[in-house]
Amino acid sequence: MDDGKPTGPKAKWWSRPSAGRANHPEAQVQEPVTIPEPALVTAPEEVPDTEVTAELPPTSPSPTSASDTSASATAPPSRPKPLHEPDEYSTPPYGGPGPWAPAPPVQRPVPTPAHGTPIPPQYGAPNAPAPASGGGYAPQPQPHAHHQPLVPAQPGPSLWLQYDPWSTPGGPLTHVGEPAKKKRRGSLLVGAVLLALVAGGIGGGIGAYIERNGGITDIELPQASKDNGHRAPDSIASIAASALPSVVTLHVSGSGEQGTGTGFVLDQQGHILTNNHVVDPAGSAGEISVTFSGGETAKATLVGKDSGYDLAVVKVTGVSHLKPLPLGNSDSVQVGDPVVAIGAPFDLQNTVTSGIISAKERPITAGGEKGDGSDVSYVDALQTDAPINPGNSGGPLVDTKARVIGINSAIRAADTGSGPEGGQAGSIGLGFAIPINQGKRVAEELINTGKATHPVIGVSLDMKYTGDGARVGEKGKDGTPSVTPKGPSAKAGIKPGDVITKVDGQRVHSGEELIVKIRSHRPGDRLELTLVRGGRERTLTLTLGSASGT
């Protein structure tokens, strides 16, 4: 039971003398030992944390005189009678043996320092020297010392107020008013906060980078895998794949002019069908170059052309593995059927566009740049909204089975036909194609004879007539009769001044429309004409004649 206790010689008993025994006769014969009294704490109801004032109570004046005090000092010492029986277990402070030490004072209800607060070594270690002054303790009593009168302790901070009985023995005691040493816990807390802030900043930066760049590695965008390339037979891709090998681009130059157009292969012999206005710049001594879809080029020669139909045939030689484009039937086409146009708009070869048939038997006229009417073409055309631009002329308009149903020939522009810098205007969704049935007949004639024949009725029309219908003129060109003698119209009974209003039951509103309707037939075909003469409507039948084209 001596752990942490003093190990010096122990007294047989221990007792705290009472302050009231100073006047007792027996107290004057005790050993001359100065017994320190514990400091009395004077504090308000609420004791401040920084400083506590402790004082020793004043010693009551002794009724004895000074001489009595001097005599008592020389008297033989006698031990005062203990107030209790000795402890047989010798347990301080009431047992023995043990050092003579003052009992701890009664502590007031003041804040107790936190656990672990160090105390001065003189209060924790045995045989430690007493504080020099102001520490709240008197020096340890010495045996056989002369008795000294009790002197009140000087007021000062009570070290007992800082005493922690559960602290480590031998630790220093912090004096009142001294700032307590800061623990490392605060530094660790600050370090942890700073570390968290740094880690949060780094993590936020990394997160923002990942969010902005999609990761910290190289970006690899998702992509679909390559398919087998198969498409539905009636898809635009399949149509284009089937028709493109048969489509060519023509470059024409001569007589100070040049142009670009499109054509398509008709047979294995190398015949290619295109528009007359595509090859017209070559004249009789110009040059025509043909470029196939695969990039091969070849020279071509003119086989025949016809300005009235705006068709021409050229031929290449020395080219093998030609793939003719199959021909369809334009009479079977219905409005709304899907179509695909292929050509070289603005010299961009192998261009594919798509649309539908917008209308049939649309009468149009094209050409007329020469001013004498010899280059005007009359076409009973197929109208389409598939984009057609300059350079598409002569190219095929195909159906969903990649069969040619028309030859792209003209467009209707939003202005006069010129672009903002004098160039040709582009498509506004109004494209026109020569029906393949008419193109087939003309192409065969051009290949076989070099010329095409035109169906005629043998009359001269008054093109200045503004009424409804086509009016037969009073006089023909150069004063000749307006109705050709012994011609188809003369045989049918048509006279000058008659107004033709219908052809085979279809209404015509002008001389151009009548020509277009006639040109859509072959020579020898029989037509039923409705006309008005003298206010009365009549119906006649005639057989179409034939005339050589130019």
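Rules of the game
- Residues numbered from 1 in each chain as written.
- Predicted model: local features only at pLDDT ≥ 70, side-chain atom pairs only at ≥ 80, totals over all residues.
- Heavy atoms only, no water.
- Salt bridge = Lys/Arg side-chain N within 4 Å of Asp/Glu carboxyl O.
- Helix = DSSP H or I, 4+ residues; strand = E, 2+ residues; numbered from the N terminus.
- Buried < 20%, exposed > 50% of the residue type's maximum accessible area, 1.4 Å probe, protein only.
- Pairing = 2+ DSSP bridges.
- Axes fitted to C-alpha atoms, helices over the stretch in contact; angles between N-to-C directions.
- pLDDT = per-residue confidence, 0-100.
- Contact = heavy atoms within 4.5 Å.
- Polar contact = N/O pair within 3.5 Å; in protein donor to acceptor, adjacent residues only side chain to side chain.
- Patch = residues over 30% accessible without salt bridge, like charges linked within 9 Å, V, L, I, M, F, W, Y side chains within 5 Å.
- Areas by Shrake-Rupley, 256 points an atom, 1.4 Å probe, with all protein chains shown as cover.
- Core = buried A, V, L, I, M, F, W, Y, C linked by side-chain atoms within 4.5 Å.

K.L.:
Would you take a moment to explain the pattern of salt bridges for this structure?
P.N.:
Between side chains of opposite charge, a pair can form as their charged atoms come close. Per the stated rule, a full pass over the model turns up 11 salt bridges. Between Glu-361 and Lys-517 there is a salt bridge, with its nearest N and O atoms 3.8 Å apart. In this pair, Glu-361 sits in strand β11 (residues 351-366) while Lys-517 sits in helix α7 (residues 511-519), placing the two residues 156 residues apart along the sequence. The class of Glu-361 is partly exposed, set by a relative accessible area of 38%. In this structure, Arg-441 and Glu-445 form a salt bridge, with 3.4 Å as the shortest nitrogen-oxygen distance. Of this pair, Arg-441 and Glu-445 both sit in helix α5 (residues 436-449), four residues apart, which is roughly one turn of the helix. Of the two residues examined, Arg-441 and Glu-445, each falls in the buried class. Residues participating in the shared-partner salt-bridge network are Asp-462, Arg-471 and Glu-474.

K.L.:
Mind showing me how you'd approach the sheet that holds strand β14 (residues 404-411) here?
P.N.:
If you trace the six strands once around the closed barrel, you get β10-β11-β12-β15-β14-β13, paired in antiparallel fashion. Across the sheet, the mean angle from the axis of one strand to that of its neighbour is 50°, orientation sign disregarded.

K.L.:
Sorry, what's going on with the confidence of the model for the protein here?
P.N.:
Low pLDDT means the predicted atomic positions in that stretch should not be read closely. The predicted model of the protein averages 76 in pLDDT, with 63% of residues at 70 or higher. Counting interchain partners and residues more than four positions distant, the pLDDT-below-50 stretch residues 10-36 has 69 contacts. Contacts of residues 38-75 to residues separated by more than four positions or lying in other chains number 51 contacts, the stretch itself having pLDDT below 50.

K.L.:
I'm lost on the pairing of strand β10 (residues 338-343) in this one. Help?
P.N.:
In the case of a regular strand, side chains alternate between the two sheet surfaces. In terms of burial, β10 is largely enclosed, as five of its six residues are buried. Pairing of β10 with β11, which is carried by six bridges, proceeds in the antiparallel orientation. Its bridge partner lying in β11, Gly-343 is registered against Thr-351. Where β10 lies against strand β13 (residues 396-398), two bridges are found, and the strand directions are antiparallel. When the sheet's bridge partners are listed, Ala-341 is paired in β13 with Leu-397.

K.L.:
Please clarify how the environment of Asp-267 should be interpreted in this entry.
P.N.:
Considering the arrangement of structural elements, one finds Asp-267 in the loop between β5 (257-265) and β6 (271-274). Accessibility expressed as a relative area gives 18% for Asp-267, which makes it buried. Separated by 57 residues in sequence, Asp-267 and Pro-324 place their C-alpha atoms 5.0 Å apart. Sequence-distant contacts of Asp-267, defined by excluding residues within four places in its chain, comprise Leu-322 and Pro-324. Only 3.2 Å separates the side chain of Asp-267 from the backbone nitrogen of Gln-269, close enough to count as a polar contact. A polar atom in the side chain of Asp-267 sits 3.2 Å from the backbone nitrogen of Gly-270.

K.L.:
So what exactly am I meant to see when it comes to unusual backbone geometry here?
P.N.:
The phi angle of most residues is negative, glycine excepted, and most peptide bonds adopt the trans form. With a phi angle near 60°, His-321 is a residue other than glycine that sits in the positive phi range. Given a relative accessible area of 79%, His-321 falls into the exposed group. A positive phi angle, close to 65°, is found at Asp-347, a residue other than glycine. Looking at where Asp-347 falls in the secondary structure, it is placed in the loop between β10 and β11. For Asp-347, a relative accessible area of 38% corresponds to the partly exposed category.

K.L.:
Looking at this model, I keep getting lost on the pairing of β6. Mind explaining?
P.N.:
Neither face of β6 is left uncovered, since the one carrying His-271 and Leu-273 and the one carrying Ile-272 and Thr-274 both have all their residues buried. As judged from the two bridges shared by β5 and β6, these two strands associate in the antiparallel manner. Pairing of Val-265 across the sheet is with Ile-272, part of β6. The turn joining β5 and β6, which pair antiparallel and follow one another in sequence, is formed by five residues; a positive phi near 100° is taken by Gly-270. When β6 meets strand β9 (residues 311-316), the two strands line up antiparallel, connected through four bridges. For His-271, the partnering residue across the bridge sits in β9 and is Lys-315.

K.L.:
Could you clarify how one ought to interpret a nonpolar patch on the surface in this entry?
P.N.:
On the surface, Leu-189, Val-190, Val-193, Leu-194 and Leu-197 cluster together into a nonpolar patch covering about 490 Å² of accessible area. For Leu-189, the location among the structural elements is in helix α2 (residues 184-213).

K.L.:
Would you mind showing me how to read the nonpolar core here?
P.N.:
Soluble globular proteins tend to bury their nonpolar side chains together. Membership of the largest hydrophobic core comes to 28 residues, with the highest contact counts inside it found for Leu-273, Leu-311 and Ile-407. Going through the elements one at a time, α3 (236-243), β9, β10, β12 (377-384), β14, β15 (431-435) and α5 are the ones with two or more residues in this core. Counting residues per element, this core draws most heavily on α5, at four residues. Excluding its chain neighbours within four sequence positions, the residues that come into contact with Leu-273 are Gly-263, Phe-264, Leu-266, Leu-311, Ala-312, Val-313, Gly-394, Ile-407, Gly-439 and Ala-443. Grouped together as the second largest cluster of nonpolar side chains are 19 residues, Leu-461, Ile-500, Leu-514 and Ile-518 included.

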